[in-house]
Amino acid sequence: MPRQFLPTLRGLLVPRAAAPPPPPAETKDLLAGNAYVSMTYAGVTNVWGTPGRADGWDMERVIIEGYERSIWTFKSIEAISKHASTLPIQIGRGGDERRFEETLDSHPLLKLLNKKANPLETGDVFKKRLSAQLLLSKKGVFIEKTFSRGGTLVRLDLLPPDRVQIIPDDRNADYVKHFEFTDYSGHIRELQPKHVIWIRDPHPTDPFCGVTPLEAAGLSIDLDVKARTYNISFIADDGRPGGIVGIDLDGVDPREVDRIQQRLAPGAHNAGQLTLVGTGPGGVTYVDTSARPREMAYETLAGTSKGEILAAFGVPESIVGNASERTYANADREEYNFWDHTQLPHLNLIASGFDPDLDDEWIVRFDTSSVQALEFPRRQAREEARKEWEAGLITIDEYRKIAGKPAFNVPQSRALWISPQKAPVPANPQDAAALGLGPDPAAGGTPGAAPTGAPLPPGTAPDTAAEDVAAARALGPGPSAAADVAAARAQDGPPALPAGPTAADAVAAARATDLDTGPGEAAADVARARDTQDAALPGDAAEDVDAARASIETKALPQDGYEVTDDDFDALSTAVAAAVTALLARQEGVILARLRAPKIRRYTRYWEPENDNDVRRVDADLDQNRVVSAPRWAEETSQTLTPILQQAAVATARKVGKALTGRDEVPRPRLPPPSSPRRTPERPSPPSSPNSPRSSRPPSTTPSTSTTWRTPSSATTSPQSPP
């Protein structure tokens with residue numbers, strides 16, 4: 001090293017070298033090289049948490065490698081954010097989770113979120129970007145609010161999350177002191193917390209950081225993207241043939257060898273071919289270069305990555321467009337689960353960020369009343385309420401309240417409609433007394449007493465109805481009107497009059513006193529009365545009594561009557577069941593035989609071709625009318641059950657007729673001929689003369705010699721009537 005002149009003086013004139021920079025902040029990555037799970041610890045840690053936890057989140061790489069290149073990440077974020085963009089915003093208070101009791105129609109937030117958020121974006125575009133950033137950014141979403149001079153909110157702008165820094169409060173009194181935003185020109189603007197809406201999916205332990213599904217699905221997204229990239233590179237660059245044949249190339253021209261080598265050129269169009277190469281003197285070998293099992297596992301790998309990504313975002317596969325291998329009920333249930341477990345919490349998280357700009361009693365909410373998937377629990381509630389109303393457990397007004405409809409509030413809608421066929425079965429004696437089905441245990445009554453609360457007549461004891469009847473019978477029969485009439489008929493002459501002077505004695509005395517005076521009107525009335533009294537004939541009262549006695553005595557059926565019992569029903573039911581079982585077994589055999597018949601399966605998808613040239617197998621279904629003939633089933637069922645039912649009807653009719661009339665016969669019904677067609681009535685022709693040709697044929701008579709029932713199936717007609 002050469003010597004320097006006056007080194008001390010030169011040190012005073014020449015500036016010293018700059019001090020070495022401080023060592024960079026220590027970073028700790030869970031997995032090196034993976035931006036989706038990287039958590040960089042930088043900045044100042046205060047009592048509330050670590051403000052710089054999300055600073056290492058590379059938003060640009062997340063967008064390029066995750067959102068833009070992974071199809072399942074893109075579809076999951078699109079499915080969630082599109083639903084958020086299409087739903088309108090409501091501001092209201094009261095009510096339930098379905099609808100507000102009172103809503104605001106005019107508010108600056110409604111205009112900004114539903115109409116125009118800023119000069120560049122509409123409300124729907126703003127809400128879609130807001131939802132997507134919330135799913136992608138670990139920091140969360142930053143919305144700048146712009147107020148007019150009068151303090152009215154007039155504009156909303158989304159700030160890029162990677163250009164916003166959160167400055168914590170130095171005194172630890174407030175979480176955030178202010179925000180610093182770096183615009184595209186490099187200028188830093190300081191934003192007060194009242195001008196910024198910070199929305200994030202909260203971290204469990206750090207209030208300055210959020211969470212995103214990309215952290216949990218980071219490995220699966222990398223695996224999915226790299227597997228697709230590997231396959232594309234393999235198809236584009238790899239030219240491995242399907243196999244290599246090695247032969248001895250001694251004495252082969254070099255140009256021929258070059259031509260063989262050219263056949264190994266990379267490219268997808270050369271894949272799968274056999275390639276010829278040299279091996280040495282006298283050698284022939286074969287090398288298989290086809291795909292290995294690990295390369296063939298791409299389908300399983302892609303399916304696993306897809307399921308993990310969709311599970312991290314909470315989006316079923318049917319929501320992103322693939323509803324195969326699912327029933328309608330399963331697809332509907334998946335859609336409801338998506339809305340209930342994923343979409344609604346996401347929407348509520350966004351809407352809650354705007355609540356501080358309103359009064360305490362007013363809240364912001366997305367209007368989900370038009371979402372059909374959310375009607376699933378309400379449909380179930382209405383169905384259960386209908387069943388409860390049919391069972392008589394709730395009223396019509398209560399059902400309408402569950403269904404979200406106004407009540408009628410009329411007596412019919414407030415009443416419980418219970419089937420009259422049901423009878424109450426009390427659980428204990430107290431309930432039985434309250435229902436009027438037993439005595440009151442507190443009153444010490446006996447079974448059959450009057451219900452609790454029903455007053456008894458004065459001077460009567462709480463006896464049973466049987467005791468009352470026995471007491472009435474013990475009193476003996478009293479004189480009735482019939483007994484009085486019978487006693488009057490039993491007298492031979494006029495009834496005995498009471499002792500003392502009668503009207504006749506008075507008339508005789510009057511005649512003896514005044515001989516010139518003849519009998520007057522009183523004597524004539526007395527004579528007529530005596531004549532009427534002497535003729536003791538039965539009157540209307542006696543006839544009424546006799547008619548009443550006759551009707552009372554003949555109220556019961558005769559002892560030798562007939563009544564259809566349960567045994568008759570059981571016998572008929574057993575016969576019908578046996579006949580139907582045999583008929584179904586026969587029809588099952590017929591259907592199976594037809595299904596196995598080649599004639600039925602020919603020219604359908606169920607035909608087994610005999611060779612490659614057999615064209616009798618086509619994409620068609622079986623002819624159901626040829627396999628199952630509904631008219632024939634109905635005809636066979638009618639023919640099978642008609643004789644059984646007719647026989648039972650005839651037997652019952654005979655027994656009833658014998659019980660009522662004493663004769664064991666059933667009138668023969670007049671049935672139309674089985675095969676005779678209906679004819680239109682004709683005018684009667686005039687009687688023919690004895691010489692006319694029609695009179696040469698004697699009329700045929702068919703006397704009826706039997707009164708038994710003849711069914712249509714057993715009735716036979718002779719081609720010619722007997723003479």
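Before reading on, note that the structure itself is shown above.
Residues numbered from 1 in each chain as written. Predicted model: local features only at pLDDT ≥ 70, side-chain atom pairs only at ≥ 80, totals over all residues. Heavy atoms only, no water.

A few words on the overall build of the chain. Helix and strand counts for the chain come out as 24 helices and twelve strands. Counting across all 723 residues of the chain, residues that qualify as buried make up 25%. Pairs at least 24 residues apart make up 58% of the contacts formed inside the chain by residues separated by at least 6 positions. Accessible area of the chain: about 50,600 Å², with a carbon and sulfur share of 56%. (Helix = DSSP H or I, 4+ residues; strand = E, 2+ residues; numbered from the N terminus. Buried < 20%, exposed > 50% of the residue type's maximum accessible area, 1.4 Å probe, protein only. Contact = heavy atoms within 4.5 Å. Areas by Shrake-Rupley, 256 points an atom, 1.4 Å probe, with all protein chains shown as cover.)

Contact geometry of helix H3 (residues 71-86) with helix H10 (residues 298-313) gives a least axis separation of 9 Å together with a crossing angle of 25°. The pairing of H3 with H10 is recorded here as roughly parallel in orientation. Considering the relative orientation of H3 and H10, their crossing is right-handed. Counted together, Trp72, Thr73, Ser76, Ile77 and Ile80 of H3 and Lys306, Ile309, Leu310 and Phe313 of H10 form the full contact between these two elements. In terms of residue class, the contact of H3 with H10 is made up of six nonpolar, two polar and one charged. (Axes fitted to C-alpha atoms, helices over the stretch in contact; angles between N-to-C directions. Parallel < 35°, antiparallel > 145°, perpendicular 65-115°, else oblique. Left-handed = near helix turned anticlockwise from the far one by under 90°. Nonpolar A, V, L, I, M, F, W, Y, C, P; charged D, E, K, R; others polar.)

In terms of residue burial, strand E4 (residues 153-159) counts as a mostly covered element, since five of its seven residues are buried. Connecting strand E3 (residues 141-147) to the antiparallel partner E4 that follows it, the hairpin turn spans five residues, and glycine 151 within it adopts a positive phi of roughly 90°. (Pairing = 2+ DSSP bridges.)

The next thing to look at is the sheet that holds strand E7 (residues 188-191). Backbone-to-backbone hydrogen bonds join strands into a sheet, with any given pair of strands oriented parallel or antiparallel. Spatially, E5-E6-E7 is the arrangement adopted by the three strands of the open sheet, whose pairing is antiparallel. This sheet does not close on itself; its edge strands, each paired only once, are strand E5 (164-168) and E7. The sheet shows a mean angle of 25° between the axes of neighbouring strands, direction not considered. In this sheet, strand E6 (residues 176-182) lies alongside E5 in antiparallel orientation, the contact comprising five bridges. The residue bridging glutamine 165 from the neighbouring strand is glutamate 180, located in E6.

A few words on the pattern of salt bridges. Pairs may arise between side chains of opposite charge once their charged atoms sit close together. By the definition in use, this model includes 22 salt bridges. When the shortest N-O distance is used, the salt bridge between arginine 189 and glutamate 144 registers 3.2 Å. Of the two residues, arginine 189 is situated in strand E7 and glutamate 144 in strand E3; the sequence distance between them amounts to 45 residues. Relative accessible area serves as the criterion here: at 33%, arginine 189 is assigned to the partly exposed category. Since its relative accessible area comes to 13%, glutamate 144 is described here as buried. Each of the salt bridges in this network shares a partner with another, and the network as a whole consists of Lys306, Glu317, Arg326 and Glu334. (Salt bridge = Lys/Arg side-chain N within 4 Å of Asp/Glu carboxyl O.)

At their nearest, the axes of helix H21 (residues 566-596) and helix H24 (residues 630-661) sit 10 Å apart, and the two run at 160° to each other. Classified by the angle between their axes, H21 and H24 sit roughly antiparallel to one another. Here H21 runs over H24; the crossing is right-handed. Contacts between H21 and H24 involve Leu572, Ala575, Val576, Ala579, Val580, Leu583, Arg586, Gln587, Ile591 and Arg594 from the first element and Arg632, Trp633, Glu636, Thr637, Thr640, Leu641, Ile644, Leu645 and Ala648 from the second. Broken down by class, the residue content of the contact of H21 with H24 amounts to twelve nonpolar, three polar and four charged.

A few words now on empty space enclosed by the protein. Within the structure shown, the criterion is met by one cavity of 30 Å³ or more. If you add up the space inside the largest cavity, you get close to 60 Å³. Forming the walls of the largest cavity are Arg586, Gln587, Val590, Arg594, Ser629, Arg632, Trp633 and Glu636. Of all the elements in the fold, those that place two or more residues in the lining of the largest cavity are H21 and H24. If one sorts the elements of the lining of the largest cavity by residue count, H21 sits on top with four residues. Among the residues forming the lining of the largest cavity, the class breakdown is two nonpolar, two polar and four charged. (1 Å grid on protein atoms, 1.4 Å probe; cavity = no way out; pocket = protein on both sides within 12 Å on 5 of 7 lines; lining within 4 Å. Points joined across faces, edges and corners; volume = space filled by probe spheres on them.)

Let us now look at unusual backbone geometry. Look at asparagine 409: it is not a glycine, yet its phi comes out positive at around 60°. Structurally, asparagine 409 can be placed in the loop between helix H13 (396-402) and helix H14 (411-414). Even without a glycine there, the phi angle at tyrosine 603 is positive, about 65°. Structurally, tyrosine 603 is set in the loop between helix H22 (598-601) and helix H23 (624-627).

A contiguous patch of negative charge on the surface is contributed by Asp58, Glu60, Glu68 and Asp162. Secondary-structure assignment places aspartate 58 in the loop between helix H1 (7-13) and helix H2 (59-67). (Patch = residues over 30% accessible without salt bridge, like charges linked within 9 Å, V, L, I, M, F, W, Y side chains within 5 Å. Lys, Arg positive; Asp, Glu negative; His and termini not counted. Charge placed at Lys NZ, Arg CZ, Asp CG, Glu CD.)

Another aspect to go through is the packing of aromatic side chains. Evaluated as defined, the whole model comprises seven aromatic pairs. Arranged with centres 6.2 Å apart and planes meeting at 75°, the rings of phenylalanine 338 and tryptophan 339 form a pair that is edge-to-face. On the basis of relative accessibility, which here comes to 1%, the residue phenylalanine 338 falls in the buried class. Among the residues examined, tryptophan 339 registers a relative accessible area of 3% and is labelled buried. Taken together, the aromatic side chains of Phe142, Phe179 and Trp198 make up a single cluster linked through ring pairs. (Phe/Tyr/Trp six-rings, centres within 6.5 Å; stacked < 30°, edge-to-face > 60°.)

So, on to the side chain of threonine 212. Its place among the elements puts threonine 212 in the loop between strand E8 (196-199) and helix H6 (213-216). By relative accessible area, which is 6% here, threonine 212 ends up buried. Once residues within four sequence positions are removed from consideration, threonine 212 is found in contact with Trp57, Leu135, Leu136 and Ser137.

So, on to H10. In this model, H10 (16 residues) spans 23 Å end to end at C-alpha, consistent with the 22 Å of a helix rising 1.5 Å per residue. Here H10 has its buried residues at Ala302, Ser305, Lys306, Ile309, Leu310 and Phe313. Angular distribution of buried residues about the axis of H10 spans 125°; they occupy a single face of the element. Exposed residues on H10 whose side chains face more than 90 degrees from its buried face are Thr300 and Ala311. Glycine 314 sits one or two residues past H10 and shows a positive phi near 75°. (Expected span 1.5 Å × (residues − 1). Arc of directions from axis to C-beta.)

Before going further, it helps to examine the nonpolar core. Leu109, Ile143, Leu156 and Phe354 are the most contacted members of the largest nonpolar core, which has 52 residues in total. The dominant element in this core, judged by the number of residues it contributes, is helix H5 (residues 123-136), at six residues. Once residues lying within four places of it in the same chain are set aside, the contact partners of leucine 156 are Leu109, Leu112, Leu113, Ala117, Asn118, Phe126, Ile143, Glu144, Lys145 and Phe354. Membership of the second largest hydrophobic core comes to eleven residues, among which are Phe142, Leu159, Val176 and Phe208. (Core = buried A, V, L, I, M, F, W, Y, C linked by side-chain atoms within 4.5 Å.)

Our focus in this paragraph is a nonpolar patch on the surface. Judged by side-chain polarity, Tyr230, Phe234 and Ile235 come together as a nonpolar surface patch covering roughly 300 Å² of accessible area. With respect to the helices and strands, phenylalanine 234 occurs in helix H7 (residues 218-237).

On their own, these measurements won't tell you what the molecule is for.
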